[in-house]
Amino acid sequence: MAPVELPVEKWTGKIKEVKLGGNGRKSMVIGGETTLPFLKFEGVLPNKPVIAVEVQDAPPKDWPQALVSAYGDALKDPGEWAKKALSFGAEIIYLRLKSAHPEEGNTGAAEAKKAVAKVLEAVDVPVIVIGPEVPEKDNEVLVAASEVGKGQRLALGNCVEKNHRTIAATCIADGHVAIAKTPIEINLAKQLNILLCDVGLAADSIIMDPTTGSLGYGLEYTYSVMERLRIAGLMGDGMPSMPMLCDVGEESWRQKESRVTTGVPETWGDPAERAINWEIITAISLLNSGANIITLRHPKTIEFLKNSIAQLTQAG
Amino acid sequence: MALTGIEIYKFLPKTNCKKCNFPTCLAFAMKVAQKTVDVSVCPDLSPESKAALEAAGRPPIRLVTIGPDAKKVEVGNETVLFRHEKTFFHPPALMVRIKDNEPLESIEKTVAEVSSYSVERVGIDMAPNGFAIDNLSKDAGTFAKVAASVAGKSELPLVLMSTDPAAMEAALEKVGGNRPLIYGANAENWEKMAQLAAKYKCALAVIGKDGLDSLSELTEKITKAGVEDLVLAPNTANLSDSINTLTQLRRLAFKKAFKPLGYPVITFPGAASKSVEEEAILAAQQIGKYAGIIVLDHFTPALFYPLLTLRLNIYTDPQKHIQVTSAIYPIGSPKETSPVCVTTNFSLTYFSVAGELESSGFPAWLLVCDTEGLSVLTAWAAGKFDAERIAKAVKTLNLAEKISHQKIILPGKVAVLRGELEDELKGWDIMIGPPEAMDIGSYLKQMWKN
Ligand code: B12
Ligand code: SF4
């Protein structure tokens, strides 16, 4: 009998390659794939997806015990925290300048510079810096962060329609990458990329954050919009062909299933295991739908996902 | 693929002889397309046309049914590669593997635990779907005994795992009437296994771990022997093999209409996993990427609850938001002095809030606005949860008749609506609740004095 003829798609597009780090800092490239996630029989995935571990500029007030005890005293200092994250397997540090939020301390440029400098000093992997997600404050602290990390090709976010001009200009000036975030909508994602390119940011200096819904809380929406973005990119549309980042850590640890240990149905199972499974399952699902960077929090999740990515990307 | 009336018409004799009790062949064809009458009612249909019709009407991935009617699982018959293209229809069955060489007592304990397990989410009960009994003892008598015991304790569908036809027959003698899946046929035993499948009218899993060529050869032999209800067991031992192979299978079915591999797939994510978490990761991938039956080695609620949730997420129809009716819902037995919480009609939002109110111990009214199935912030951003709409709901649902006070509590995430709402609802006290429903209890304790 004739052998089964494998159904190979002839994609004309390719996901853009984005470089992070460099100039004394370890560098890496993400993206570059010519097929849907992990389909070795069809195309190449030159750069494996990477794990970014979250660090905050101040000790988190709302983290559940499972996370607090995993990081211990390191949570008191962003530099120590970053080192701890590295020891857990972080390939990128995702620094969230949370205390710049008007309701979390409203710190400004000076504090932001300090936190960024500490992290850059402590670790040699690429760094993503995220503002408090209030566009005006984001501008203030991200511009400051940009100066500190000049030339080291950080990624700065979140860049949304409202503040895209400032973020793009900063990225252009200091050689950084923008994290372009849009609310689970393919046209908005594409539109923001177009806006960024229009103001002069190179297409290979953009990473998309399509907005993450975690398991049980909108995962299916994110999953499908990512598949659609990826397919559009592979079909040759240049504007949604940027690599994607998913903020799995924040979203999965926000949910009741990951936080509440008592007063929930027994059928929810052991709280510690459940919380980790919630993060793990959100993460693998979004890797399968096209994530190039996932943020994670728990050391066990980091370990398991690292192994999974190795399995998915090993040659042969 | 379901055929249209016109497509069916092409195969009919076109004599309009009315022997089918329809005025014309075309009228008959239309009814066949609607599945209100079977095409075999036409006495003059040629055998060739009949065969051609059947082949053309066969779905690219065959629908396979396992288990007794009350708890049956149906897998296969999907129509798209990506859920956004339409929807996925038949959620993968999540089953638990039972080793027949373990003490009967511990087996019975697992069976009781699994079959009584059920967990609710957004008003939907989610539960495991069955057991795969593995003939690790290599003993036919033990296998049959364990199968009978499991079937006696649970109505859930079974997979019988043995490549020894004698053991399989022994088990089928006991539980064959429950329509178990026979797992399975391989290059050596397929003839005997196919005979058993035919005799007991059960679906047959075809095991082919060395690639799709030999797997499709095997299914062709088996279908020629007259067994059509097949399930494929290709190599899905690790994440990479699984996503590559299962994608190939699904594409073959849709893009090439390749019949020999147009069947649902069974996977065993625990087989090569070194930990529960690794098993969870592979199972999660297979829920999204194309498994029909997933047999897990571990049963722990902390693993099943998230996996069942993922299955629910992935198999939700992407064309519509799951929603509840806009109304005033009593939670507990609220009185006219009880608090009123306002929320949206997205199911997830409604059930989160209703659940928290219930466990808070405060009887309350839950006023659900019609936001077309959107969550609080999504609806707010889309202009479907604003002061005007909330005020309108308060009025049209006659909230004032139910309560003796004039207070409503808004979700914390839309605190900005307060001012406008005070204008819309003159004389009402607009209170702002916490951003997350899980804090409603402590909020009410502090803020609500009866
Ligand atoms: C999934 C999702 C969608 C889905 C829709 C899901 C749905 N059916 O609603 C889709 C993809 C369709 C979507 C679309 C949009 N989205 Co949207 N979406 C999300 C996402 C990821 C999750 C929302 C969710 O399901 N939450 C879970 C539910 C249960 O939460 P909830 O309703 O708020 O309920 C909780 C609390 O509010 C509280 N609560 C509820 N009621 C009450 C009542 C009381 C009294 C109390 C005390 C508490 C309480 O309890 C619940 C549990 O804690 C969020 C981001 C995020 N990660 O949260 C963005 C988000 C809500 N979306 C956003 C936007 C902007 C949009 C769009 C407008 C984008 C666009 N321009 O197209 C559209 C609008 C829709 C449209 N035009 O049709 C923004 C809103 C920004 C803002 N702050 O205004 C968000 C926050 C993303 C972002 N950061 O930009 N979205
Ligand atoms: S019996 Fe057959 S041939 Fe006669 S009218 Fe009906 S469909 Fe046509």
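What you see is a predicted model, and the numbers here were worked out from it, not measured in a lab.

Here we look at the overall build of chain B
Looking only at helices and strands, chain B has 17 helices and 17 strands in total. Dimensions along the principal axes, computed over C-alpha positions, put chain B at roughly 80 × 65 × 40 Å. Within chain B, the proportion of its 450 residues that are buried is 52%. Sequence-distant contacts, at least 24 apart, represent 66% of the contacts inside chain B between residues at least 6 apart. Counting every atom, chain B has about 19100 Å² of accessible surface; 51% of that belongs to carbon and sulfur.

Points about the packing of aromatic side chains
Evaluation of the coordinates by the stated rule reveals 14 aromatic pairs over all chains. Note on F299(B) and F304(B): the rings are 4.9 Å apart at their centroids and 50 degrees apart in plane angle, and the pair reads as tilted. Taken as a pair, F299(B) and F304(B) share a single burial class, namely buried. An aromatic cluster of at least three residues, connected via ring pairs, comprises W63(A), Y71(A), W81(A) and F88(A). Between the NZ or CZ atom of R121(B) and the centre of the ring of Y217(A), over which it lies, the distance is 5.0 Å. In this structure, R250(B) is placed above the aromatic ring of F88(B), and the distance from its NZ or CZ to the ring centre is 5.6 Å.

Here's the deal with the sheet that holds strand β8 (residues 181–185) of chain B
All names here are of chain B. The strand order across the open sheet formed by eight strands is β10-β9-β8-β7-β6-β3-β12-β11, and the pairing between neighbours is parallel. Both edges of this open sheet fall to β10 (230–233) and β11 (266–267), since each of them pairs with a single strand only. Here four bridges tie strand β9 (residues 204–207) to β10, and the two strands are oriented parallel to one another. Residue I207 lies in a different strand from β10, and its bridge partner there is A233. Running over the sheet, helix α4 (residues 104–116) touches β3 (93–99) and β6 (130–134) and is turned about 170 degrees from β3. Here helix α8 (residues 212–224) sits on the sheet and contacts β8, β9 and β10; the angle it forms with β9, its principal contact strand, is near 145 degrees.

What about the packing of helix α10 (residues 271–288) of chain A against helix α10 (residues 276–288) of chain B?
Two elements in contact, α10(A) and α10(B), have axes whose closest approach is 9 Å; the angle formed by their N-to-C orientations is 40 degrees. Considered as vectors, α10(A) and α10(B) are oriented oblique to each other. Relative to α10(B), α10(A) is oriented so that their crossing is right-handed. Here N277(A), I280(A), I281(A), I284(A) and N288(A) of α10(A) come into contact with α10(B), specifically with E277(B), A280(B), I281(B), A284(B) and Q285(B). Tallied by class, residues from the contact of α10(A) with α10(B) come to six nonpolar, three polar and one charged.

Some remarks on the confidence of the model for chain B
Any residue range with low pLDDT should be treated as having predicted coordinates unsuitable for detailed reading. Of the residues in chain B, 99% reach a pLDDT of 70 or more, and the chain-wide mean stands at 94. The complex model carries a pTM of 0.92, and its ipTM stands at 0.95.

Here's the deal with the interface of chain B and chain A
Taken together, the contacts link 52 residues of chain B with 52 residues of chain A. Counting each side, the surface lost to burial between chain B and chain A is near 4600 Å², with a carbon and sulfur contribution of 62%. Considering only the surface of chain B that becomes buried against chain A, R251(B), E277(B) and I281(B) emerge as the three largest contributors, covering 13% of it. Counting every contact that joins chain B to chain A gives eight salt bridges. For K289(B), the salt bridge is made with E227(A), and the minimal N-O distance between the two is 2.7 Å. Linking chain B with chain A are 23 residue pairs in polar contact (both at pLDDT 80 or more). Of all the elements in the fold, those that place two or more residues in the side of chain B that touches chain A are β4 (119–121), α8, α9 (239–255), α10, α11 (301–314) and α12 (347–360) of chain B. Per-element accounting of the side of chain B that touches chain A gives the leading share, 10 residues, to α11(B).

Here's the deal with the domain arrangement of chain B
Parsing chain B into structural domains produces domain 1 (5–57), domain 2 (64–314) and domain 3 (328–447). Centre-to-centre, using C-alpha coordinates, domain 1 of chain B lies 36 Å away from domain 2 of chain B.

Description of the environment of L86(A)
Residues and elements named next belong to chain A. The residue L86 is located in helix α2 (residues 78–88) in this model. With relative accessibility at 29%, the residue L86 sits in the partly exposed group. If sequence neighbours within four positions are ignored, L86 has contacts with V123 and V125.

Let's talk about the site of ligand 1
In the neighbourhood of ligand 1, 36 residues make up the surrounding shell, with T343(B), T349(B), S375(B), V376(B) and E436(B) lying closest. Of the chains in the model, those with residues near ligand 1 are chains A and B. Interatomic distance of 3.3 Å between a side-chain N/O atom of R254(A) and an oxygen atom of ligand 1. Contact distances for ligand 1 include 2.6 Å between an oxygen atom and a backbone N or O atom of S375(B). Listed by contribution, the elements that provide at least two residues to the shell around ligand 1 are α8 (248–254) of chain A together with β14 (340–344), α12, α13 (376–381) and β16 (407–410) of chain B.

Describing helix α6 (residues 165–175) of chain B
Residues and elements named next belong to chain B. When we look at burial in α6, the residues that qualify are P165, A167, M168, A170, A171, L172 and V175. On its buried side, α6 packs onto α5 (140–153), β7 (158–161), β8 and α7 (190–200). Measuring from the backbone nitrogen of A166 back to the side-chain oxygen at the start of α6 gives 2.9 Å, which picks out D164 as the cap.

A word on the side chain of S347(B)
Residues and elements named next belong to chain B. Examined against the element boundaries, S347 turns out to sit in helix α12. Its relative accessible area of 3% is what places S347 among the buried residues. Looking at S347, its side chain comes within polar contact range of the main-chain nitrogen of Q323, at 3.4 Å.

What counts as what
Residues numbered from 1 in each chain as written. Chains lettered and ligands numbered in written order. Predicted model: local features only at pLDDT ≥ 70, side-chain atom pairs only at ≥ 80, totals over all residues. Heavy atoms only, no water. Helix = DSSP H or I, 4+ residues; strand = E, 2+ residues; numbered from the N terminus. Buried < 20%, exposed > 50% of the residue type's maximum accessible area, 1.4 Å probe, protein only. Contact = heavy atoms within 4.5 Å. Areas by Shrake-Rupley, 256 points an atom, 1.4 Å probe, with all protein chains shown as cover. Phe/Tyr/Trp six-rings, centres within 6.5 Å; stacked < 30°, edge-to-face > 60°. Lys NZ or Arg CZ within 6 Å of the ring centre and 35° of its normal. Pairing = 2+ DSSP bridges. Axes fitted to C-alpha atoms, helices over the stretch in contact; angles between N-to-C directions. Parallel < 35°, antiparallel > 145°, perpendicular 65-115°, else oblique. Left-handed = near helix turned anticlockwise from the far one by under 90°. Nonpolar A, V, L, I, M, F, W, Y, C, P; charged D, E, K, R; others polar. pLDDT = per-residue confidence, 0-100. Buried area = accessible area lost by both parts, 1.4 Å probe. Salt bridge = Lys/Arg side-chain N within 4 Å of Asp/Glu carboxyl O. Polar contact = N/O pair within 3.5 Å; in protein donor to acceptor, adjacent residues only side chain to side chain. Domains from an automatic or database assignment. Near = heavy atom within 4 Å.

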